[in-house]
Amino acid sequence: MLLNWTVMILYNYFSAMFVGPGYVPLGWTPEKSQDCMYLQYCKVCQSYKAPRSHHCRKCNRCVMKMDHHCPWINNCCGYQNHASFTLFLLLAPLGCIHASFIFVMTMYTQLYNRISFGWSSVKIDMSAAKRDPRPIIPFGLSAFAASLFALGLALGTTIAVGMLFIIQMKVILTNKTSIESWIEEKAKDRIQYYQTGETFIFPYDMGSKWKNFKQVFTWSGIPEGDGLDWPVRDGCHQYSLTIEQLKQKADKRVRSVRYRAIEDYSGVCCPVTKGVKTFFTTPCTEEPRIALSKGDLILATRGLKHWMYGEKILDSAVDGGIRERGWFPRKCVEKCQCDSETDQPVDGEKKNR
């Protein structure tokens, strides 16, 4: 049974790793040229982003139905390998639960065979068994320590990976990805912020958990569709989600605030020279940091108490110029005077206040 778990776990693990998520073809454009107005353009891939696709900085490609980039498989989780990745998250905890049961029963029986009861004390002799003088497998102090350590690893894996499996199943049963869940949340915040009276309906939810489940898991192992065109629920447009993304991107530009760098920053994750609070509150994210030189202009789009995220404008470029995105210490910048009266607070500042 343990060999069974091992084979199935490794099969799904390597499938998720080597099959990959599937990438939008380079130079891809929709069949109808007028549909381009509903899509974002990726300058790196020189193509339009198909519905449900996103550009991954690690893979340097636009990924079909991207959920997230997983460092453990060194690849993205997306359209083609979502089922394999989720099965790995299910089978790994089940195998660890089986192993934990074996470890617990082994330690219990071996300790029970080494217990001797006195009038006033209970002693455990790890050198030899009292009830079974010829154990099938020698079990000494080192074996007990190894079994205890392995039990801890098995239980830790069960809890950690099991929680990831629950998170993945929640998004799969609503036919979403982790990124799309975040987009939906931002859509509700945008509508509430501007009081537009809109009602955002996620277009890819088929209305049934079973139908959503079958969008990812199939008997053939090949997910439905081609990763570019997706079935939508009644009353929704094929590009409902991409239109909402364009609205959020435009809103992000409107609410961005222009800052000027007043100190140099090397781009390290935990800068020692920028203060203790800045050092210990560095953002726990894979998003990059950007180096700053005194006088650089930055468009900040969101921020924490001691850090900000934004785009650095290079070569004095106007909108559409080349930009670098990343986090930088709030201490290193100050708001430009020309924008102090017209710009809105950076997204996240109101909550921090």
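Before reading on, note that the structure itself is shown above.
Calculation criteria
- Residues numbered from 1 in each chain as written.
- Predicted model: local features only at pLDDT ≥ 70, side-chain atom pairs only at ≥ 80, totals over all residues.
- Heavy atoms only, no water.
- Helix = DSSP H or I, 4+ residues; strand = E, 2+ residues; numbered from the N terminus.
- Buried < 20%, exposed > 50% of the residue type's maximum accessible area, 1.4 Å probe, protein only.
- Contact = heavy atoms within 4.5 Å.
- Areas by Shrake-Rupley, 256 points an atom, 1.4 Å probe, with all protein chains shown as cover.
- Salt bridge = Lys/Arg side-chain N within 4 Å of Asp/Glu carboxyl O.
- Disulfide = S-S within 2.5 Å.

Caption draft 1: Structural view of the overall build of the protein chain. Each helix and strand in the protein chain was counted, giving 8 helices and 13 strands. Of all 353 residues assigned to the protein chain, the portion counted as buried reaches 41%. If you take every contact in the protein chain between residues at least 6 apart in sequence, the share linking residues at least 24 apart comes to 63%. Carbon together with sulfur atoms contributes 61% to the accessible area of the protein chain, which is approximately 20800 Å² in total.

Caption draft 2: Inspection of the pattern of salt bridges at higher detail. Throughout the structure, instances matching the rule amount to 11 salt bridges. Its salt-bridge partner being arginine 255, residue aspartate 251 comes within 3.2 Å of it at the nearest N-O pair. Accessibility expressed as a relative area gives 14% for arginine 255, which makes it buried.

Caption draft 3: Inspection of the environment of phenylalanine 328 at higher detail. Along the chain, phenylalanine 328 turns up in strand S12 (residues 323-329). Note: C-alpha distance between phenylalanine 328 and proline 283 (45 residues apart in sequence) is 9.7 Å. Contact partners of phenylalanine 328, with chain neighbours within four places excluded, come to Tyr265, Ile290, Leu292, Ile298, Trp307, Met308, Tyr309, Gly310 and Val333.

Caption draft 4: Fine view of the state of the cysteines. Taken as a whole and assessed by the stated rule, the structure comprises 0 disulfides. As a non-bridged cysteine, cysteine 42 has cysteine 62 as the owner of its nearest cysteine sulfur, 3.6 Å distant. Assessed through its relative accessible area of 4%, cysteine 42 is described here as buried.

None of the figures reported here should be taken as evidence of function without further support.
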